[in-house]
Amino acid sequence: MTDTTAGQAPAPVSAPAPAPAQAADPARERLRRWRLVLGGDQADGTGCALSGRDAAMDGALAALYGKGDKASAGRDRSAGLGASAPSVARWLGDIRDYFPSSVVQVMQRDAIDRLGLASLLLEPEMLQAVEPDVHLVGTLLSLHKAMPETTRETARAVVRKVVGELEKRLATRTRATLTGALDRSARVRRPRHHDIDWNRTIAANLKHYLPEYRTVVPERLIGYGRAARSVKKEVVLCIDQSGSMAASVVYASVFGAVLASMRSISTRLVVFDTAVVDLTDQLDDPVDVLFGTQLGGGTDINRALAYCQERITRPAETVVVLISDLYEGGIRDEMLKRVAAMKASGVQFVALLALSDEGAPAYDREHAAALAALGAPAFACTPDLFPEVMAAALEKRPLPIPDPA
């Protein structure tokens, strides 16, 4: 089986509902699914003919994963979609009808990558036909400088829909997790009863255990500080704009807006390539932040960290989060010296190779090892883990680094 046929597998296996007659015959249903996976030529060996909805689904798959693009890795238009906007729009409508949303997003991504259809996204009619997701937002951001005026509002609407869904998914848990971390980071010696941290209090007073009463008599109470309106912590998000970091830029912008909405945290958001842009004043709207980025170009991490370092006023209460694949186009030794200097001053430094669901992209392993030697391990982080990572950094405890396996 070739790579092109393997690309078909997720959709037909998960999407189609079998017809009643097929459901009663497990062997026939198994052949039907294999036929959809294999793509149907004389070598598929199933002998299974498709009709009706199954045949239409197979046609939609063949248009993207058909034989015509085997040798050319997606550059041969004979696979069936071509560069025709009407035919692509029809195809987008078909796959939304035949397959679940998760499969549609994968097929859209493959169509953009394999058949070079990104330019068609500059047309408003095309944007209205696609299934919005984080990867589509990344593609739109890379194209937005070239968009005609008639397309920009449609593109913003697509981006706003995705950002809104991400905020619903991530905001509540992030605020709850970080509020707890901020309270725990402000220990008080004479806490009110409801503010006592019993786990830490008991651990600190075990030497005062009375066996005859089977109890601990605490001489020192450890408690949480109540949430205050004043700023307790400062967070700097420093985000690499290189093309491979597109999904990370989207998620970081959403998290930046969430952090900025918390009174106890002062948030700064900085994006960089070979230049540095401070987007802090746009944090009330992550869509504005995203359209203020420019994906692609070179990378100067040292220059970006220099900008961030100059704006730190309370090192012991500051967390700097560098989100980058660490391919440095600037001065490597200076970059490492800056990280070491920030950590020595009390800054909590977090290095994330990616902030996305896909795991770590290609990254500079030598630079990652150098950061780890400075006490700043670099690792990929999912959006669901990010609140826990930030909570650990705010409390100055070990980061919950995921198992690389």
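Residues numbered from 1 in each chain as written. Predicted model: local features only at pLDDT ≥ 70, side-chain atom pairs only at ≥ 80, totals over all residues. Heavy atoms only, no water.

**Here we look at the nonpolar core**
- In terms of nonpolar packing, the biggest core is built from 81 residues, with W91, F99, M107, L121, L140, V321 and F386 touching the most fellow members.
- Sorting elements by how many residues they give to this core places helix α10 (residues 149-185) first, with ten residues.
- Within the second largest apolar cluster, 25 residues are counted, among which are L336, V339, A370 and A376. (Core = buried A, V, L, I, M, F, W, Y, C linked by side-chain atoms within 4.5 Å. Buried < 20%, exposed > 50% of the residue type's maximum accessible area, 1.4 Å probe, protein only. Helix = DSSP H or I, 4+ residues; strand = E, 2+ residues; numbered from the N terminus.)

**Quick look at unusual backbone geometry**
- Look at R214: it is not a glycine, yet its phi comes out positive at around 50°.
- According to the relative accessible area criterion, R214 is exposed, its value standing at 71%.
- Even without being glycine, L326 reaches a positive phi, approximately 70°.
- The exposure class assigned to L326 is buried, which follows from its relative accessible area of 1%.

**Notes on the packing of helix α14 (residues 301-310) against helix α15 (residues 332-344)**
- Where α14 meets α15, the closest approach of the two axes is 8 Å, and the angle between their N-to-C directions is 30°. By the angle class used here, α14 and α15 are roughly parallel. Between α14 and α15 lies a crossing of left-handed hand. Residues I301, N302, L305, A306 and Q309 of α14 form the contact with α15, whose own contacting residues are E334, M335, R338, V339, A341 and M342.
- Split into classes, the residues belonging to the contact of α14 with α15 amount to seven nonpolar, two polar and two charged. (Axes fitted to C-alpha atoms, helices over the stretch in contact; angles between N-to-C directions. Parallel < 35°, antiparallel > 145°, perpendicular 65-115°, else oblique. Left-handed = near helix turned anticlockwise from the far one by under 90°. Contact = heavy atoms within 4.5 Å. Nonpolar A, V, L, I, M, F, W, Y, C, P; charged D, E, K, R; others polar.)

**Here we look at the pairing of strand β4 (residues 265-272)**
- Most of β4 sits inside the fold, with six of its eight residues counted as buried.
- With helix α12 (residues 246-260) bridging strand β3 (residues 233-240) and the parallel β4, this β-α-β connection has right-handed handedness.
- As judged from the three bridges shared by β4 and strand β5 (residues 276-278), these two strands associate in the antiparallel manner. From the neighbouring strand, F272 faces β5, where its bridge partner is V276. (Right-handed = clockwise from strand over helix to strand, strands pointing away. Pairing = 2+ DSSP bridges.)

**Overview of the pattern of salt bridges**
- Here the structure, examined in full by the defined rule, presents 20 salt bridges.
- The closest approach of N and O atoms between R169 and D357, which form a salt bridge, is 3.8 Å. Placement of the pair is R169 in helix α10 and D357 in the loop between β7 (348-355) and α16 (365-373), with a sequence separation of 188 residues.
- The partly exposed category is assigned to R169, whose relative accessible area is 37%.
- Relative accessible area serves as the criterion here: at 41%, D357 is assigned to the partly exposed category. (Salt bridge = Lys/Arg side-chain N within 4 Å of Asp/Glu carboxyl O.)

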